[in-house]
Structures are given as structure tokens and as C-alpha cells.
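In case you want the letters, here they are:
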Amino acid sequence: MHELSIACNLVEIASQSASDAGVEQVQVVRLRLGALAGVVKESLLFSYDIAVAGTLLAGSRLEIEDVPVAIFCSSCQTITTLEGIQSFCCPLCGQPSADIRQGRELELIALEVADVQPPHT
Amino acid sequence: MYNPRILEVRRGVLEKNDLLAQRLRARFNAAGVTVVNLVSSPGAGKTSFLEYTLRNVSEQGLCSAALVGDLATDNDARRLARSGVPVRQIVTGGNCHLEAQMIADHLEEWGLALEDLDLFFIENVGNLVCPASYDLGEHLRIVLLSVTEGEDKPLKYPVMFNSADVTIFTKMDLAAAVEFDRAAATAAVQSVHPGMTILETSAKTGQGMREWLNWLTAFHQSHQL
Ligand SMILES: Nc1nc2c(ncn2[C@@H]2O[C@H](COP(=O)(O)OP(=O)(O)OP(=O)(O)O)[C@@H](O)[C@H]2O)c(=O)[nH]1
Ligand SMILES: [Mg+2]
Ligand SMILES: [Zn+2]
């Protein structure tokens, strides 16, 4: 179970990004999670609520976008996404491919924030 | 005044570990040492495999050292030290995987001269889940699958088997006794990682160890070019 440690890393970089931008309140943290990242979504969501306690992100919600694996098939010359992660074969022609183009993401992409004062006034 | 907006960020959650791992890899490259990260489920035979390997690379005139992670004990380090090469233990204190920072800290405290080494082995904590996400700066991630633990392990732990470079079927001396289905195990590995190299060994009888050592030495040499 390393999701708590992942959640702590996430909270650390999200808090840092927020305070660097002078943000006072974060409502939503948006994360892209690849199927090959090795992180269990439910455990991460659970750990997130523990990890935010007492930080700038307390009370915020974690929104996770699932990113499927995509492989490149040299026969079809096409990138296609896979349903799961147990069979790395081209869905079009069945040829195995280890050429992974997507699916390892574990990335903080954005914060939905609220400034007490609009930044431009 | 309440003014919601979107702040774009785009940062890897493991960026700290990844950056440190890249720095470690650069150090290893500069020192000319090949670094191997051994992963498996608990008890698949990492320490036994490594003990055999350390003894034999020494006989071949190669210099090696090993860093071994364990949740609570230093038993594995004591076993490995019998091979006569420098060995150091990382007691993770319950942490289920090694991280690049631990490798960096231990190298620092250890004062090991990397330049004098050809091969540096890291035995990860026995766990097929968590270590998959943490780059340690290794050149080779080797996953061990013992014949006693079921041919479908790769399908149950696809992330780890996909992230590894080589699979080693261990405890081959027990293959017949447990009716190990080599074809099924191979198919499972190839399904989650097409083209992955598979080797078969026994640390008890030495079966397949020659092939493994040749493979490793060849990798080390090609890596040095
Ligand atoms: N028959 C047989 N037994 C083996 C072999 N390799 C290891 N064992 C036995 O399997 C058990 C576990 O081996 P270890 O080498 O300690 O396994 P490990 O993966 O290092 O274990 P952890 O570090 O605790 O995860 C021990 O009882 C070993 O004697 C082998 O090739 N053949
Ligand atoms: Mg061990
Ligand atoms: Zn195809």
C-alpha cells in the first residue's frame, strides 16, 4: 500500500503550486492516472482525504481522470487504446506490441481554485 | 468576493523520485557500473539468487556490491555478506518499497567507490505492487517468479511485469514437483510484456545460472560501449 505516500506527494506539490500562485483556497485537484501507473484509484481517493488534513488543500476534492494504455502497432501504423492491461496486443490485427505510448501517467494537471479577491483588482 | 478559476499545473506526482533516479543513473553511468534492481513477491528467491550471482561474478573477476531492502530484519544482508562482496542493508521500517532517496542516502553514508564496481545489485522489498512505481536509477529491473507461486502471476501483477526488463523463473529444481506449466507462465509474461526476455534458474542446483551470468555480463559489456 503506497497510495498514502503517493497522496502525500500529491498534496505537497499541489500545495506548493497553489501557494506559488498566491491561491488561498483549492476546491478541486485534478489528476491523470494511467492504467500502468501502479496506483489503485479507490485507495488514492481514500488516502487523499487523510493526506490533506491540516494543509492548504483541506476540504478539497480529488478528481481522477483514468488514462487507458495506448500502444503503437507497427503493422497497422496506428496507435490504439487497450481495454485492460493484461494483453498488449493490437486490437485491430492482434499483433503484440510493447511500444507503449500512453498509460503511465501520474500527473497533477490542474487545480480549481478560488481567490478571495479577483487577481486583477 | 469569490472568484473560482482553473490553475493549470502539469507536474508528475513522483517528479522528486524520478529526478533523483535520473541523477543516480547519470552517476552510475559515469562510474561505469551496471545497476540491477531485483523485484519479486516475498520469498520468490531474490536473496538466494543474488547470493549465487555475487559469488559467481566475483569468480569471473567482476567487482560487485549489493544493497538489500527489508521491512524489518538484516537477515538477507547477513546471508549475502557470505559471498564476500560489500553488502549493506536498508531496513525500510515498514515501508513497502525502496525509493531513489533511500538509495542516494545509503550510497552517501556507505562511501562505496562506485568507480571500482562493475555491477551493483539492489534487492527490493518483496512486493509485486509498490516497487513498480519507483525508479531507483537502475539499468535493469529484473522480476523473479518462482515456479511454486502460480503461472498466472504476471496477469495478476501486470504493472510490475510490464515495467521489468527481464523475467526469471526461479526454483526450477521444484518445477516437476509442482507441475510448473512453463508454456502457460511464458504466455502470461508475453501477454503483459511482449518480447520480454525470460530465463530459468535454480539457486539450489545452479541450473540456468551460467546462462544468466553470461546474459548479464553481455549486457554489462554492451552497456559500457
Ligand atoms: N528449492 C529451491 N528453494 C529455493 C530456491 N531459491 C530460494 N529457495 C528457498 O525459498 C525461500 C525464500 O528464498 P529467499 O532467497 O529468501 O527469497 P527472497 O525473495 O529473498 O525473500 P524476501 O526477501 O523475504 O522477499 C528460502 O527457503 C530458500 O531456501 C531454489 O532455487 N530452489
Ligand atoms: Mg530476500
Ligand atoms: Zn495492428
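Structure shown above.
Residues numbered from 1 in each chain as written. Chains lettered and ligands numbered in written order. Predicted model: local features only at pLDDT ≥ 70, side-chain atom pairs only at ≥ 80, totals over all residues. Heavy atoms only, no water.

Undergrad: Looking at this structure, I do not really get unusual backbone geometry. What am I missing?
TA: Glycine aside, the phi torsion of most residues is negative, and most peptide linkages are trans. All names here are of chain B. The phi torsion at Arg10 lies on the positive side, around 60°, for a residue other than glycine. Note that Arg10 resides in strand E1 (residues 3-12). Classification of Arg10 by relative accessible area gives exposed; the value is 51%. Of note in this structure, Glu179 is not a glycine but carries a positive phi near 50°. Looking at the secondary structure, you find Glu179 in the loop between strand E7 (166-170) and helix H7 (182-192). Relative accessible area serves as the criterion here: at 69%, Glu179 is assigned to the exposed category. (Helix = DSSP H or I, 4+ residues; strand = E, 2+ residues; numbered from the N terminus. Buried < 20%, exposed > 50% of the residue type's maximum accessible area, 1.4 Å probe, protein only.)

Undergrad: Would you explain the coordination of the zinc ion (ligand 3) in this entry?
TA: Residues and elements named next belong to chain A. Here the zinc ion (ligand 3) is held by Cys73 (SG), Cys76 (SG), Cys90 (SG) and Cys93 (SG), and the distances to it run 2.3 Å. Bound by 4 donor atoms, the zinc ion (ligand 3) shows angles of 105 to 113° at the metal and therefore tetrahedral coordination geometry. Sequence spacing of the donors to the zinc ion (ligand 3): C-x2-C-x13-C-x2-C. (Donors = N, O, S within 2.8 Å, 3.2 Å for Na, K, Ca; no water. Tetrahedral: all angles 85-135°; square planar, octahedral: opposite > 155°, others 65-115°.)

Undergrad: What is the right way to read the side chain of Arg32 of chain A from this model?
TA: All names here are of chain A. Within the secondary structure, Arg32 is located in strand E1 (residues 25-34). A distance of 3.1 Å separates a polar atom in the side chain of Arg32 from a polar atom in the side chain of Glu65. If near-sequence neighbours (up to four positions away) are discounted, Arg32 is found in contact with Glu65, Val67, Glu105, Leu106, Glu107 and Ile109. (Polar contact = N/O pair within 3.5 Å; in protein donor to acceptor, adjacent residues only side chain to side chain. Contact = heavy atoms within 4.5 Å.)

Undergrad: Sorry if this is basic, but what is going on with the interface of chain A and chain B here?
TA: When the parts come together, some accessible area is lost, and that loss is often what is quoted as the size of the interface. Chain A puts 44 residues into the contact, and the matching count from chain B is 31 residues. Summed over both sides, the interface between chain A and chain B buries roughly 3000 Å², with carbon and sulfur atoms accounting for 55% of that surface. Among the residues chain A hides against chain B, the three largest losses belong to His2, Ile13 and Gln86 of chain A. Together they make up 17% of the total. Connecting chain A to chain B are 2 salt bridges. Arg10 of chain B serves as the salt-bridge partner of Glu107 of chain A, at 3.2 Å between the closest nitrogen and oxygen. Summed over the shared surface of chain A and chain B, the result is 18 residue pairs in polar contact (both at pLDDT 80 or more). Going through the elements one at a time, helix H1 (3-20), E1 and strand E6 (106-115) of chain A are the ones with two or more residues in the side of chain A that touches chain B. (Buried area = accessible area lost by both parts, 1.4 Å probe. Salt bridge = Lys/Arg side-chain N within 4 Å of Asp/Glu carboxyl O.)

Undergrad: Even after reading the chapter, I still don't get the pairing of strand E5 (residues 119-123) of chain B, so can you show me in this structure?
TA: Regular strands show a simple pattern: their side chains alternate between the two faces of the sheet. The buried count for E5 of chain B comes to 5 of 5 residues, which makes it a mostly enclosed element. Here E5 of chain B shows two buried faces, one formed by Leu119, Phe121 and Glu123 of chain B and the other by Phe120 and Ile122 of chain B.

Purely geometric numbers; function is a separate question.
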